[in-house]
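Residue-level structural notes
Residue-level listing of the chains:
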Amino acid sequence: MPVNEYNKFLNDSITSNYKKSSIEEVKIVNREASKLAQNLNISNRIDTYIEADAFFTVKDHKPSFPKRIECRLLNPAKSNIGKISKQILEQKIQTMKNITNSNLWKNSNEVIKWFNKMENKKSHSFFKFDIVSFYPSISQTLFEKTIAWCKEYISISEEEYSIILNARKSFLFKDLEPWRKKNDSLFDVPMGAYDGAEICELVGLFILSKLAEVIPNAFLGLYRDDGLAIVKGSGPQLERLRKKVFEIFKNLNLKVTIEANMKKCDFLDVLFDLNNQTYKPFRKNNQQILYINKESNHPRTITKQLPGMISKRLSDLSCSKKVFDEETPAYQEAIRNAGYSEELEFEKNEYKSKVSKNRRSRKIIWFNPPYCQTVKTKVGKKFLALIDKHFKDTKLEKYFNRSTIKISHSCLPNLDNIISKHNKKILIKENKMCNQSSMCNCRGGINNCPMNGSNVTQSPKENYITKQ
């Protein structure tokens with residue numbers, strides 16, 4: 001994509017929902033965050049607002065692509081108070097989930113577990129809905145309603161509420177200039193915020209409580225912005241239910257798309273079938289299966305475990321060995337192409353609930369050297385030998401030993417990281433050229449310019465943004 005076209009899409013995405021702000025507003029939010037950090041005695045560990053330029057990704061999985069290009073605006077600028085807010089919200093969400101017995105799913109396995117519990121599947125049909133632009137559509141009014149609903153069941157202190165609200169005061173940056181939402185409030189739930197997913201889940205619980213008025217709680221569930229229900233009724237009855245659900249979301253000032261009266265339904269990465277009472281792995285027809293090549297520059301622990309991980313995942317998403325055998329040929333061919341000789345095998349999963357044990361967390365210092373196949377030196381062995389040499393039989397052995405210091409290799413930047421860095425480099429270069437378009441670009445600067453700074457030339461070479 002040419003840089004000019006990229007900048008046009010970015011500007012359109014920003015100006016549709018944001019307006020220009022000021023550095024002074026950012027400083028006010030920083031001062032509020034500083035007071036909260038001081039009250040928690042962590043002011044020495046909280047940085048000011050992270051000012052990083054926004055970017056977008058193209059939704060190339062949409063059916064309308066490439067005739068109609070849709071973008072997802074991502075905002076990496078965030079407040080570190082969001083890390084504290086995330087911990088608070090995680091506790092509140094788990095408590096509310098237990099109290100309301102709502103199906104707020106975390107992964108595909110929980111959806112499968114819910115599906116298996118349903119009885120008389122053949123007499124029901126699927127009711128699937130998707131909340132349009134859920135994150136940016138969460139308004140302060142909706143969030144306040146959610147908090148008021150939560151306070152009916154649990155306690156939320158003023159300090160906790162202040163921390164959550166401060167993390168919601170969000171800015172978007174372009175060329176290091178701050179932008180804010182067009183409404184009068186700084187309230188925003190940007191994709192990429194530390195606690196964005198938790199805000200989404202808490203509001204999701206509130207939405208489920210509203211939907212429980214028309215669909216029984218046990219037959220309904222939500223994963224972020226995707227919802228799924230199993231309902232019973234004729235075509236006209238389901239149409240009336242559809243209108244009621246539309247009305248509920250309209251009252252919450254949210255838009256939603258609904259698909260109803262289906263016997264087969266794909267949700268996340270699983271395809272469910274009510275008639276056959278089965279489920280199997282789901283992928284789009286045009287989706288190519290790619291895995292890390294066995295000879296790629298990755299630690300051996302990763303490449304060694306990959307076939308087993310694939311087998312386990314496919315087994316989890318298959319209701320029986322027969323379904324597993326029907327679905328695995330495409331995946332088996334993909335791992336063959338990646339250089340693996342192992343065969344995919346079915347592993348039965350009983351979905352036993354894990355019993356959490358209160359274990360004391362160990363204080364471990366991790367050493368993460370980058371892994372590269374061309375390095376023949378046994379870095380890990382030599383590093384641990386140095387630990388033994390310098391700390392064994394000393395006063396510091398209690399703190400620095402093989403139990404408190406561990407080694408784990410990190411991977412070198414992959415192609416996605418390299419492309420991302422390339423794109424940022426091109427954009428920064430282009431923005432500098434635009435900002436300096438009225439300045440002289442002679443060697444040695446304006447002092448050596450024979451035209452007194454008015455000699456401006458531009459390179460005809462056009463830079464391109466590479467698709468990730």
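Residues numbered from 1 in each chain as written. Predicted model: local features only at pLDDT ≥ 70, side-chain atom pairs only at ≥ 80, totals over all residues. Heavy atoms only, no water.

1. Brief notes about the overall build of the protein
Within the protein, the regular secondary structure consists of 13 helices and 15 strands. Looking at the 468 residues of the protein, the share that counts as buried comes to 37%. Within the protein, contacts between residues separated by at least 24 positions form 74% of all contacts whose residues are at least 6 apart in sequence. Carbon together with sulfur atoms contributes 50% to the accessible area of the protein, which is approximately 28,800 Å² in total. (Helix = DSSP H or I, 4+ residues; strand = E, 2+ residues; numbered from the N terminus. Buried < 20%, exposed > 50% of the residue type's maximum accessible area, 1.4 Å probe, protein only. Contact = heavy atoms within 4.5 Å. Areas by Shrake-Rupley, 256 points an atom, 1.4 Å probe, with all protein chains shown as cover.)

2. Points about the sheet that holds strand E13 (residues 278-281)
The strand order across the open sheet formed by 3 strands is E11-E12-E13, and the pairing between neighbours is antiparallel. The open sheet has two edge strands, strand E11 (264-267) and E13, and neither has a second partner. Strand-to-strand, the axes of this sheet are offset by a mean angle of 20 degrees, without reference to chain direction. Here strand E12 (residues 270-273) pairs with E13 via 4 bridges, running antiparallel. Counterpart to Leu271 in the pairing with E13 is Lys280. (Pairing = 2+ DSSP bridges. Axes fitted to C-alpha atoms, helices over the stretch in contact; angles between N-to-C directions.)

3. Some details on helix H7 (residues 158-168)
Among the residues making up H7, those that are buried are Glu160, Tyr161, Ile163, Ile164, Asn166, Ala167 and Arg168. Buried residues along H7 sit in contact with helix H2 (23-39), helix H3 (81-100), helix H6 (140-150) and helix H8 (196-211).

4. Observations regarding the packing of H8 against helix H9 (residues 235-251)
A pair of packed helices is captured by two measures, namely the crossing angle of their axes and the spacing between those axes. Contact geometry for H8 and H9: axes closest at 10 Å, N-to-C directions at 140 degrees. On the basis of the axis angle, H8 is oblique to H9. The crossing of H8 and H9 is right-handed. When H8 is examined against H9, the residues Ile207, Lys210 and Leu211 are found in contact with a partner set consisting of Val245, Ile248 and Phe249. (Parallel < 35°, antiparallel > 145°, perpendicular 65-115°, else oblique. Left-handed = near helix turned anticlockwise from the far one by under 90°.)

5. Details of the confidence of the model for the protein
The predicted model of the protein has a mean per-residue pLDDT of 86, with 88% of residues at 70 or higher. Here residues 456-465 is modelled with pLDDT under 50, and outside its nearest four sequence neighbours on either side it reaches 23 contacts, counting other chains as well. (pLDDT = per-residue confidence, 0-100.)

6. Observations regarding the nonpolar core
One broad trend across soluble globular proteins is that nonpolar side chains are buried collectively. With 54 residues, the main nonpolar core has Phe127, Phe129, Ile207 and Phe249 as its most contacted residues. Formed by 17 residues, the second largest nonpolar core is a distinct cluster that contains Leu228, Cys265, Val270 and Leu274. (Core = buried A, V, L, I, M, F, W, Y, C linked by side-chain atoms within 4.5 Å.)

7. Re the side chain of His124
With respect to the helices and strands, the residue His124 is situated in the loop between helix H4 (108-117) and strand E5 (125-131). Apart from residues no more than four positions distant in its own chain, His124 is found in contact with Glu119, Phe219, Ile230, Val231, Lys232, Lys263 and Leu274.

8. Comments concerning helix H1 (residues 3-17)
Between its first and last C-alpha atoms H1 spans 22 Å; for 15 residues at 1.5 Å apiece the expected length is 21 Å, and the two agree. Burial in H1 covers these residues: Val3, Tyr6, Asn7, Leu10, Ser13 and Ile14. The buried residues of H1 all sit within an arc of 130 degrees when viewed along its axis, so they share a single face. Away from its buried face by more than 90 degrees, H1 exposes Asn4 and Lys8. (Expected span 1.5 Å × (residues − 1). Arc of directions from axis to C-beta.)

9. Digging into the pairing of E5
For a regular strand, the rule is simple: side chains alternate between the two faces of the sheet. With respect to burial, E5 is a largely interior element, 6 of its 7 residues being buried. As defined by bridge partners, E5 adjoins strand E9 (residues 226-231) across 6 bridges and the pair is classed as antiparallel. Paired with Phe127 across the strands is Ala229, a residue of E9. Sheet topology places E5 next to strand E10 (residues 256-262); 6 bridges connect them, and they run antiparallel. Pairing of Phe129 across the sheet is with Ile258, part of E10.

10. A word on unusual backbone geometry
Generally, phi is negative for residues other than glycine and the peptide bonds are trans, each holding for most cases. Unlike most non-glycine residues, Ser133 shows phi in positive territory, near 45 degrees. Mapping Ser133 onto the fold places it in the loop between E5 and helix H5 (134-137). Even without being glycine, Asp175 reaches a positive phi, approximately 55 degrees. Inspection of the secondary structure assignment puts Asp175 in the loop between strand E6 (172-174) and strand E7 (177-181). Using a relative accessible area of 37% as the deciding quantity, one classes Asp175 as partly exposed.

11. Some remarks on the sheet that holds strand E1 (residues 18-20)
With antiparallel pairing, 3 strands are arranged side by side in an open sheet as E1-E7-E6. Both edges of this open sheet fall to E1 and E6, since each of them pairs with a single strand only. Strand after strand, the sheet turns through a mean of 40 degrees between neighbouring axes, direction not considered. Here 3 bridges tie E1 to E7, and the two strands are oriented antiparallel to one another. Bridging from a neighbouring strand, Tyr18 pairs with Lys181 of E7.

12. Overview of the packing of aromatic side chains
For the structure on display, the rule yields 18 aromatic pairs. A ring pair is formed by Trp105 and Phe267, whose centres lie 5.6 Å apart and whose planes are at 75 degrees; its orientation type is edge-to-face. Linking Trp105 in the loop between strand E4 (103-104) and H4 with Phe267 in strand E11, this pair joins segments that are 162 residues apart in sequence. Ring centres 5.7 Å apart and planes at 55 degrees place the aromatic pair Phe129 and Phe249 in the tilted group. Of the two residues, Phe129 sits in strand E5 while Phe249 sits in helix H9, which places them 120 residues apart along the sequence. For the pair shown, Phe129 and Phe249 are each scored as buried. Aromatic ring contacts, followed pair by pair, group Phe115, Phe126, Phe272 and Tyr279 into a single cluster. Geometry around Tyr331 places Arg283 over its ring, the cationic atom sitting 5.8 Å from the centre. (Phe/Tyr/Trp six-rings, centres within 6.5 Å; stacked < 30°, edge-to-face > 60°. Lys NZ or Arg CZ within 6 Å of the ring centre and 35° of its normal.)

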